[in-house]
Amino acid sequence: EKMLMRLERDRINSKLEGLEKRLEGQKTAGNRAQGKLGDSTEISGSVDAKGAAAKKSTLKERKTAKADASKHNLPAADRENPYAKLDFEPLPVNSMSLQKTFKGHLMSVSDIAIHPKKPVVATASDDTTWKLWSIPNGDLIMAGEGHKDWVAGLSFHPQGTQFATASGDSTVKLWDFQAARCTLTFTEHTQAVWGVAFHDTGDFLASCSLDHSTRLWDIATAKCKSTLRGHVDSVNSVCWQPFTNNLCTGSSDKTVSLWDARTGLCAQTFYGHFNSCNSVVFDLKGTFVASCDADGIVKLWDVRMVTEFGSIDVGPHSANKVSLDRSGKVLAVACDDSAVKCFSLKGGTPKELGQLSGHEDSALSVAFDPYGSYVVSGGADMTFRYWA
């Protein structure tokens, strides 16, 4: 009983202490309210300001999130090609001659790419390296080592800040010039990768492979966005239709295909080659495709009418690479007989303009200067040559 009485007493005391503290708290709050009544407007104003700032911050974050999300999507399909209404003078290749020869690799120079804004040439080689050179002096600017097998394809970012390479080690690598190192490696291809091509926005990269597929890579997320399947043999070449979301591929299954990168579906297939298609290229206006095969046959395809409108025989040796100048009226073909053969496409009927002869082995690649001044070719003789 004594224990119960003590417990009851302690409980009553604790209740009294609680009531006393509550009364003291109410008195203090009343005093504060009276003392700071004049400041209430300022306080509410600061709260409102903080709320507005928070709203602005949230809106900014949402806009940033939307911008980031838009980077992961291909642009609108109805964009205008800025070159559609421009006409350039054809490059006078018939008056060009060999200016310089550069031996910069230990094995074949398999591909050539020219910087979109500067007089810089990139070369890819079977010696597993790529190199950047100044033109016309041929000074070595940078060299890249990292692939474990031959480097087969090159592509510059449209802004010229990055560079992509395709290799026989089944990888695609992205190199950053400012960081001077490889920043991304894509490994989803299961066999050798033959070529790469940047989209004109620079946000996406396409690659083609011996594994019969073409892959679209999202640079922002560093992931494969989609895989284009349909060819039944190696996909040897890939290029974008300028300022669209359409891809063109050339395959060892003897076909040339057009793809909608947004859906990942094949929109059109061109039949006409009787041997492996080695290279495809679009003209700057995006109206036609040139393709070449291992028999030395070059085909010209009108993508609007979906028809073949020209054929050129540069055989019997293999035609390894096709390239068009910025006018779309001069075609160069790198051939296995060591020559780069040039043709005029003016008037719709191809006419031979002449040959750029100088390589001591197969001519494997050729590229026109985007500003219409010179031509660069690469060959199995371990050299690249400057023509002007």
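Since the model is a prediction, treat every value here as computed from it, not as a measurement.

In terms of regular secondary structure, the chain is built from two helices and 28 strands. Evaluated residue by residue, the chain yields a buried proportion of 47% over its 388 residues. Summarising the internal contacts of the chain: among those between residues at least 6 apart in sequence, 46% fall at separations of at least 24. When the accessible area of the chain is evaluated, it comes to approximately 19,700 Å², of which 52% is carbon and sulfur surface.

Looking now at the state of the cysteines. Summed over all chains, the structure comprises zero disulfides. Cys-248 forms no disulfide, and the closest cysteine sulfur to it belongs to Cys-239, at a distance of 4.7 Å. With no disulfide of its own, Cys-335 has Cys-292 as its nearest cysteine by sulfur position, at a separation of 8.0 Å. Taking relative accessible area as the criterion, Cys-335 reaches 0% and is therefore assigned buried.

Using the criterion set out here, one finds six salt bridges in the structure. Asp-111 serves as the salt-bridge partner of Lys-321, at 2.8 Å between the closest nitrogen and oxygen. With Lys-321 in strand β22 (residues 319-324) and Asp-111 in strand β2 (residues 109-114), the pair connects residues that are 210 residues apart, well separated along the chain. Judged by relative accessible area, which is 7%, Asp-111 ranks as buried. Asp-337 is the salt-bridge partner of Lys-341, the closest N and O atoms lying 2.9 Å from each other. Classification of Lys-341 as buried rests on a relative accessible area of 9%.

For Leu-106, the position within the fold is in the loop between β1 (98-103) and β2. Separated by 20 residues in sequence, Leu-106 and Asp-126 place their C-alpha atoms 8.1 Å apart. Leu-106 has contacts with Asp-127 and Met-382, leaving out every residue within four places of it along the chain.

Bringing the environment of Phe-243 into the picture now. Within the secondary structure layout, Phe-243 lies in the loop between β14 (235-240) and β15 (246-251). We classify Phe-243 as partly exposed; its relative accessible area is 21%. On a C-alpha basis, the gap between Phe-243 and Ala-77 in space is 8.8 Å, while along the polypeptide they are 166 residues apart. Dropping the residues within four chain positions of it, Phe-243 is found in contact with Arg-79, Glu-80, Asn-81, Pro-82, Tyr-83 and Asp-200.

So, about the environment of Ile-112. Of note, Ile-112 is situated in strand β2. On a C-alpha basis, the gap between Ile-112 and Ala-122 in space is 5.8 Å, while along the polypeptide they are 10 residues apart. For Ile-112, the contacting residues outside a window of four places in its chain are Val-121, Ala-122, Thr-123, Leu-154, Ser-365, Ala-367, Val-376, Ser-377, Gly-378 and Phe-384.

This paragraph deals with the side chain of Ser-134. Tracing the sequence through the fold places Ser-134 in strand β4 (residues 129-134). Exposure remark for Ser-134: the relative accessible area of 16% places this residue in the buried category. Leaving out residues up to four positions away in the same chain, Ser-134 has contacts with Pro-119, Asp-139 and Ile-141.

Attention shifts here to the sheet that holds strand β27 (residues 375-379). On the basis of which strands lie adjacent, the open sheet formed by four strands has the order β1-β28-β27-β26 and antiparallel pairing. Each end of this open sheet is capped by a strand with a single partner; those strands are β1 and β26 (363-368). Between one strand and the next, the sheet's axes are offset by a mean angle of 20 degrees, whatever the strand orientation. Sheet topology places β27 next to strand β28 (residues 383-387); four bridges connect them, and they run antiparallel. Directly across from Gly-378, in β28, lies its bridge partner Phe-384.

A few words now on the sheet that holds strand β21 (residues 307-313). The strand order β18-β19-β20-β21 describes an open sheet built from four strands, whose pairing is antiparallel. If you trace the sheet from one side to the other, it starts and ends with β18 (277-282) and β21, each paired once. Neighbour-to-neighbour, the strand axes of this sheet turn through a mean angle of 20 degrees, independent of strand direction. When β18 meets strand β19 (residues 288-293), the two strands line up antiparallel, connected through five bridges. Counted as the bridge partner of Val-280 is Ser-291 from β19.

In this model, the chain carries a mean pLDDT of 88, and residues with pLDDT of at least 70 account for 82%. Across residues 36-47, where pLDDT falls below 50, the model places zero contacts with residues more than four positions away in sequence or in other chains. Low pLDDT, under 50, characterises residues 64-70; the stretch is placed with zero contacts to residues that sit more than four places away or in other chains.

Take the layout of surface pockets next. Approximately 240 Å³ is the volume attributed to the second largest pocket. Lining of the second largest pocket is provided by 15 residues; of these, Asp-283, Thr-287, Phe-288, Gly-328 and Lys-329 occupy positions nearest its centre. For the lining of the second largest pocket, the per-class residue count stands at four nonpolar, four polar and seven charged.

Procedures and definitions
- Residues numbered from 1 in each chain as written.
- Predicted model: local features only at pLDDT ≥ 70, side-chain atom pairs only at ≥ 80, totals over all residues.
- Heavy atoms only, no water.
- Helix = DSSP H or I, 4+ residues; strand = E, 2+ residues; numbered from the N terminus.
- Buried < 20%, exposed > 50% of the residue type's maximum accessible area, 1.4 Å probe, protein only.
- Contact = heavy atoms within 4.5 Å.
- Areas by Shrake-Rupley, 256 points an atom, 1.4 Å probe, with all protein chains shown as cover.
- Disulfide = S-S within 2.5 Å.
- Salt bridge = Lys/Arg side-chain N within 4 Å of Asp/Glu carboxyl O.
- Pairing = 2+ DSSP bridges.
- Axes fitted to C-alpha atoms, helices over the stretch in contact; angles between N-to-C directions.
- pLDDT = per-residue confidence, 0-100.
- 1 Å grid on protein atoms, 1.4 Å probe; cavity = no way out; pocket = protein on both sides within 12 Å on 5 of 7 lines; lining within 4 Å.
- Points joined across faces, edges and corners; volume = space filled by probe spheres on them.
- Nonpolar A, V, L, I, M, F, W, Y, C, P; charged D, E, K, R; others polar.

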